[in-house]
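Residue strings, one per chain:
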Amino acid sequence: IAGNGVNRWQGAVFFAGIIAYTVYSIRLAGKNDSNSEDVPENSGSLLLAVLLVAGGLAALICGSKLFVNSRVNAYGVEYSAFAGIANRIASVSNLISAAMNTAGSTMVGQNIAAGKEDRVKNILKSLSVITLSVSTVLTLTFLFFGDSIIAFFAAGDKAVMRVGENFFGIALLLFYA
């Protein structure tokens, strides 16, 4: 990245890729019969479709990383380094939420399908208690050992750890979100 942001050529290449992908998708959709649920016999080159899908995904992933990193880098190296630490901490909170959502939806769905709707309220109460308990434990852990957790990921870099001090309040909310 030249400077602190996305330069014109990077933005132009990213934008051109999005336009090409969109145009191809619209043209492909126009060739398909909207009343048919079957895959059309000849919808274009398979190689071109695979390349455009892969290119579209790469553009989304790389483009978003490029944009976010360029915005974070504008604040300095310490903030950029801490952004990675914050992402790891946020991943832990997302993991808990995803696990509870998956388990809860499965149990609720099975009980509704079995005609035992009376169990659903108890399942939701249990999931709430478990989620709040785990969130509270993580919050207390972060409150008492937050400096050590950040120091572990920051490899003892004092400047990055100072940036992390501002993150404590946000991190505590993440576990309950």
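Residues numbered from 1 in each chain as written. Predicted model: local features only at pLDDT ≥ 70, side-chain atom pairs only at ≥ 80, totals over all residues. Heavy atoms only, no water.

Trainee: Go over the side chain of Ser135, please, and point to the residues and values.
Mentor: Turning to its location among the elements, Ser135 is positioned in helix α4 (residues 118-154). We classify Ser135 as buried; its relative accessible area is 1%. Within the structure, the side chain of Ser135 is placed 2.9 Å from the backbone oxygen of Thr131, a separation counted as a polar contact. Leave out the neighbours within four places in its chain, and Ser135 touches Phe175 and Tyr176. (Helix = DSSP H or I, 4+ residues; strand = E, 2+ residues; numbered from the N terminus. Buried < 20%, exposed > 50% of the residue type's maximum accessible area, 1.4 Å probe, protein only. Polar contact = N/O pair within 3.5 Å; in protein donor to acceptor, adjacent residues only side chain to side chain. Contact = heavy atoms within 4.5 Å.)

Trainee: Can you explain the confidence of the model for the protein? Please cite residues and give values.
Mentor: Of the residues in the protein, 86% have a pLDDT of 70 or more, and the chain-wide mean is 78. When pLDDT is averaged over each helix and strand of the protein, the minimum, 72, is found for helix α6 (residues 168-174) and the maximum, 87, for α4. (pLDDT = per-residue confidence, 0-100.)

Trainee: Residue-level account of the packing of aromatic side chains, with values.
Mentor: The relation between two aromatic rings is expressed through the spacing of the ring centres and the mutual angle of the planes. Under the counting rule described, the total for this entry stands at one aromatic pair. A centroid spacing of 5.3 Å and a plane angle of 70° characterise the contact between Phe152 and Phe153, whose relative ring orientation is edge-to-face. Phe152 gets classed as exposed once you look at its relative accessible area, which sits at 64%. Taking the relative accessible area as the measure of exposure, Phe153 reaches 33% and is therefore partly exposed. (Phe/Tyr/Trp six-rings, centres within 6.5 Å; stacked < 30°, edge-to-face > 60°.)

Trainee: How would you explain the nonpolar core if you had to name every residue and give the values?
Mentor: Core analysis: the biggest nonpolar cluster contains 14 residues, and Phe82, Ile85, Ile89, Phe142 and Phe167 have the highest contact counts within it. For this core, the elements supplying multiple residues, two or more each, are α3 (77-113), α4, α5 (158-165) and α6. Ranked by residues supplied to this core, first place goes to α3 with four residues. Residue contacts for Phe82: discarding those within four places in its chain leaves Ile150, Val160, Val163, Gly164 and Phe167. (Core = buried A, V, L, I, M, F, W, Y, C linked by side-chain atoms within 4.5 Å.)

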